[in-house]
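The lines below spell out each chain.
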Amino acid sequence: MISDIVRVRFAPSPTGYLHVGGLRTALYNYLFARHTSGKFILRIEDTDRARFVPGAVENLIDTLRWSGLTYDEGPDKDGGFGPYIQSERLEIYKEYTTRLINSGKAYYCFCTPERLKELRESQTEQKLQGKYDKHCLSLSADEIQNKLNNNIPHVVRLNVPANEIVTVHDIIRGTVEFDSNTVDDQVLLKSDGYPTYHLANVVDDHLMKITHVIRGEEWLPSTPKHVLLYNAFGWEIPEFAHLPLLLNPDKSKLSKRQGDVAVEDYRSKGFLKEALVNFVALLGWNAGDDREFYYLDELISGFSLERVNKSGAVFNIEKLNWLNFEHLRQKPVHEVISMLRTELKSSDFSSYEFPDNYLAQVIESMRERVSFVKELLTKSPYFFQLPAGYDEATLKKRWKEDSHLLLSKLRDNFVRLSDPTKEDFENSLHNTALENNVGNGKLIHPLRLAVSGMGEGPGVFDIVAILGKEETIKRIDKALSVLT
RNA sequence: GGCGCGUUCGUCUAGUGGCUUAGGACGCCGCCCUCUCAAGGCGGAGAUCACGGGUUCAAAUCCCGUACGCGCUACCA
């Protein structure tokens, strides 16, 4: 037994930002760990120096933190299995590589990139599988020592045995078999002394007592190499779960060019972490019922790897929008207020002051009309400033010949109100309509236009109640002076 | 080319041999509600369950084959 508790890890490569596919992988690892009262570990796989991006690790951690997926062990949270950054574990990989070489499971390879390239080209030409030809396996001990002494650049390769069936047990896909003859002698240690993913991942998973390897489907084809490696070391093999891919609308692997893929892109567009996490969780998993709205703790209790789908899922932004709307509706007002304040700060209305109870009313009146906090500003700017103008189409439809006269009478009645409530405004308008023998609509629509400049929005009595008597009359006066 | 995985409404999916005239959700359309827009309620269009064989009294569900899609095929992860 690898460990008496579940230990899983999210092992991203810090190439700049957290990919939404990565978020989903992290989420499933997190959910599985929390569901089973296990540990969730963050490990940084930065063994490719050519792709080093400054600040990427910090960014990754920051984004993960934003999404709410807290890890138990990681670069900044030691759990006794560190370091959790692979570039800080080079000596470990070297040591284990030596073990493999000594037992004949791995060997030095001094082939130049040029020879490798030629080999590959000729294989392609003959329509053969591209595979290393074990050329350096036949080197004598003396030859090897000699080249080593002369500092000839070299790598270390896995010595894949011929004619074996390598079996991979996958929780999601069942048993998958590979013919070892189709498995390449994978490079384990690169010439710069860094390990490749394959070596580092197996060594670390073993040393960190990882019980379940939950990762993207793109890793399935290289899993036999990992199994062979575990066997070569004589280590117990963890459980595997290869997750279906997240897809572009054209069904190819989700990538940039076809839309946003970075979690921070969605974050900056105003998507709620609750919505993004909820959405991504449903891309490949469901509880077996009709439920679609979940909070993180609810996902934890319902999650199981057995219910993860096998086929890829298109990242459908429409549904994300809907979930954002649903989550925004459920959000406590005080949280929305603080988000609104952040939006206001960077808006045209940044110079105005609005008390919390005012913003709370605005939010309540607009809640069912917006999917994003920033839409509070774009869909109802009139709560933050005087109407900039009057919508043409609405004007044409709602501003009739008698509108000016009726609105001025309504104004006079509003003036007489003392500290009016929503109902007071409503009664006053009804009475005005009665006095003038017209339907309420003849007053309601011009009033809405006058105070908001638009033809849509919350109930007009809600709007005027929120704006208050003074502001309402001011706006009516302005409309009366501008519109005829 | 080789290896592997996958295939139910446009999309996310339910379905684990009879309960299925294949259910739900998003999106779309219509009606109701209504001061507008939403929300909400009701309804509609939308899937010959990739195709072809088999197994079975019975298959979207099991088996085989084919097609198509995708992934991998680096001293990248």
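Shown above is the structure to which this text applies.
Residues numbered from 1 in each chain as written. Chains lettered and ligands numbered in written order. Predicted model: local features only at pLDDT ≥ 70, side-chain atom pairs only at ≥ 80, totals over all residues. Heavy atoms only, no water.

1. With respect to the protein's contact with RNA strand B
- In the vicinity of RNA strand B lie 65 residues, with Asn286, Glu292, Glu368, Arg369 and His445 positioned nearest.
- If you look at RNA strand B and keep only atoms within 4 Å of the protein, 74% of those are sugar or phosphate atoms.
- A distance of 3.3 Å is found between a base oxygen of RNA strand B and a side-chain nitrogen or oxygen belonging to Arg51.
- With respect to RNA strand B, the side chain of Ser191 contributes an N or O atom lying 2.7 Å from a base oxygen. (Near = heavy atom within 4 Å. Polar contact = N/O pair within 3.5 Å; in protein donor to acceptor, adjacent residues only side chain to side chain.)

2. What about the sheet that holds strand 4 (residues 155-158)?
- Reading across from one edge, 3-4-7 is the order of the 3 strands in this open sheet, with antiparallel pairing throughout. Two strands in the sheet have a free side with no partner beyond their single neighbour: strand 3 (106-109) and strand 7 (187-189). In this sheet, adjacent strand axes meet at a mean angle of 45° when their direction is disregarded.
- Here strand 3 pairs with strand 4 via 4 bridges, running antiparallel. (Pairing = 2+ DSSP bridges. Helix = DSSP H or I, 4+ residues; strand = E, 2+ residues; numbered from the N terminus. Axes fitted to C-alpha atoms, helices over the stretch in contact; angles between N-to-C directions.)

3. What to know about helix 16 (residues 403-415)
- The end-to-end C-alpha separation of helix 16 is 18 Å, in line with the 18 Å expected for 13 residues at 1.5 Å each.
- Residues of helix 16 that are buried include every one of Ser403, Leu406, Leu407, Leu410, Asn413 and Phe414, and no others. In an axial view of helix 16, the angular spread of the buried residues amounts to 115°, which keeps them on one side of the axis.
- At its buried positions, helix 16 is contacted by helix 15 (392-398), helix 17 (422-435), helix 18 (441-452) and helix 20 (469-482). (Expected span 1.5 Å × (residues − 1). Buried < 20%, exposed > 50% of the residue type's maximum accessible area, 1.4 Å probe, protein only. Arc of directions from axis to C-beta. Contact = heavy atoms within 4.5 Å.)

4. Thoughts on the pattern of salt bridges
- Taken as a whole and assessed by the stated rule, the structure comprises 29 salt bridges.
- Residue Asp205 pairs with Arg9 through a salt bridge whose shortest N-O separation is 2.6 Å. You can see Asp205 sitting in helix 6 (residues 197-207) and its partner Arg9 sitting in strand 1 (residues 7-10), a full 196 residues away along the chain.
- For the salt bridge of Asp402 with Lys442, the shortest nitrogen-to-oxygen distance reads 3.3 Å. On the criterion of sequence distance, the pair formed by Asp402 in the loop between helix 15 and helix 16 and Lys442 in helix 18 is long-range, its members being 40 residues apart.
- The partly exposed category is assigned to Asp402, whose relative accessible area is 26%. (Salt bridge = Lys/Arg side-chain N within 4 Å of Asp/Glu carboxyl O.)

5. A closer look at the packing of helix 17 against helix 18
- One way to put it is that helix 17 packs onto helix 18 with a least axis distance of 9 Å and a crossing angle of 130°. Classified by the angle between their axes, helix 17 and helix 18 sit oblique to one another. Facing Leu429, Thr432 and Ala433 of helix 17, the residues of helix 18 in contact are Leu443, Ile444 and Leu447.
- Grouping the amino acids of the contact of helix 17 with helix 18 by side-chain chemistry returns 5 nonpolar, 1 polar and no charged. (Parallel < 35°, antiparallel > 145°, perpendicular 65-115°, else oblique. Nonpolar A, V, L, I, M, F, W, Y, C, P; charged D, E, K, R; others polar.)

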